[in-house]
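# Structure assessment
The chain contents come next:
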Amino acid sequence: MDRVTPHLAWREVLRGSGYDDRHEVPKVVRDRLIETADEMFEPIRLAWGAALRVVAGGGVRSPEMNERVGGALVSQHLLGRALDIKTTRPADLVGLYRMIARMQRDGEIPAGGLALYSTRGGVPRFVHVDRRGRRARWGYAALRRAEAWLQAVA
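As the structure is a prediction and not an experimental result, all values here were calculated from the model.

Basis of the calculations
Note on numbering: residues in each chain are counted from 1, in written sequence order. In keeping with the predicted nature of the model, local features appear solely for residues at pLDDT of at least 70, side-chain atom pairs appear and are counted solely at 80 or more, and the whole-chain, interface and lining totals rest on all residues. Note that water and hydrogens are dropped before the side-chain values are worked out from all heavy atoms of the structure. The criterion is simple. A nonpolar core is a set of buried Ala, Val, Leu, Ile, Met, Phe, Trp, Tyr and Cys residues joined through side-chain atoms within 4.5 Å. Whether a residue is buried, partly exposed or exposed follows from its accessible area with a 1.4 Å probe, protein chains only, as a fraction of its type maximum: under 20%, in between, or over 50%, in that order. Strands here are runs of E lasting at least two residues and helices are runs of H or I lasting at least four, both read from the DSSP assignment and numbered beginning at the N terminus. It only takes one pair of heavy atoms within 4.5 Å for two residues to be counted as in contact. A carboxyl oxygen of Asp or Glu within 4 Å of a side-chain nitrogen of Lys or Arg is what we treat as a salt bridge. One less than the residue count of a helix, multiplied by 1.5 Å, gives the span that helix is expected to have. Aromatic contacts are taken between Phe, Tyr and Trp rings whose centres are within 6.5 Å, Trp giving its six-membered ring; a plane angle under 30 degrees counts as stacked, one over 60 as edge-to-face, and the others as tilted.

### Some words on the nonpolar core
The biggest cluster of nonpolar side chains holds 32 residues, and the ones touching the most others in it are Val13, Ile44, Ile85, Leu96, Ile100 and Val127. Looking at this core, the elements that each hand over two or more residues are helix H1 (10-14), helix H2 (27-48), strand S4 (82-86), helix H4 (93-105), strand S5 (113-118), strand S6 (124-130) and helix H5 (140-153). Looking at which element gives the most residues to this core, the answer is H4, with 7 residues. Those residues within four positions of Val13 in sequence are excluded, and the remaining contacts are Val4, Leu8, Leu33, Val54, Gly59, Val60 and Leu83.

### Regarding the pattern of salt bridges
Side chains carrying opposite charge are able to pair once their charged atoms draw close together. Using the criterion set out here, one finds 10 salt bridges in the structure. Across the salt bridge formed by Lys27 and Asp31, the nearest N and O atoms sit 2.7 Å from each other. With a gap of 4 residues between them, Lys27 and Asp31 both fall in helix H2, about one helical turn apart. Look at Lys27 and you get exposed, because its relative accessible area is 53%. For Asp31, a relative accessible area of 31% translates into the label partly exposed. One connected set of salt bridges, linked through shared partners, spans Arg102, Arg105, Asp106 and Glu108.

### Some points on H4
For H4, which comprises 13 residues, the first-to-last C-alpha distance of 18 Å matches the rise-based estimate of 18 Å (1.5 Å per residue) to within 8%. Taken residue by residue, H4 has Leu93, Val94, Leu96, Tyr97, Met99, Ile100, Met103 and Gln104 as its buried positions. Where H4 is buried, its residues meet H2, S4, S5, S6, strand S7 (136-137) and H5. Just beyond H4, the residue with positive phi is Gly107, at close to 75°.

### A word on the packing of aromatic side chains
Summed over the entire model, instances satisfying the criterion amount to 1 aromatic pair. Their ring planes at 20° and their centres at 4.7 Å tell us that Tyr117 and Phe126 sit as a pair that is stacked.

Read these as layout, nothing more, since geometry by itself doesn't imply function.
What follows is the structure in structure tokens.
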């Protein structure tokens with residue numbers, strides 16, 4: 001089985017993870033990642049109606065890789081509860097962020113973290129979403145930069 005869910009491949013969530021194979025991922029983390037994909041990625045992908053990708057290092061992470069990328073000490077990526085996703089067009093990421101915020105608010109997906117990451121120039125890079133069980137938001141400056149960038153290119 002090379003797919004986590006119908007729209008998400010293991011190679012995507014393992015790319016940049018520090019793990020070479022899904023069987024290297026601790027079973028409890030692997031099981032949580034499958035739940036995250038089922039409960040979050042698939043509903044988001046279906047609501048979005050177009051392709052979404054997990055960025056390299058934006059799926060599950062080994063402790064060594066998490067340290068290398070400067071991830072939070074208790075990163076949800078270490079626990080299999082987070083995904084960093086992007087659309088095919090950077091300009092669509094603000095809309096994706098807003099849709100996910102609404103889905104979390106309305107209980108369509110589990111409560112958790114949500115942030116949009118952008119370059120210093122405001123070009124949206126990806127959306128972090130996790131299922132930590134409580135609402136958490138950060139990166140408002142990046143969101144404002146991305147919204148300004150979006151207005152400038154419109």
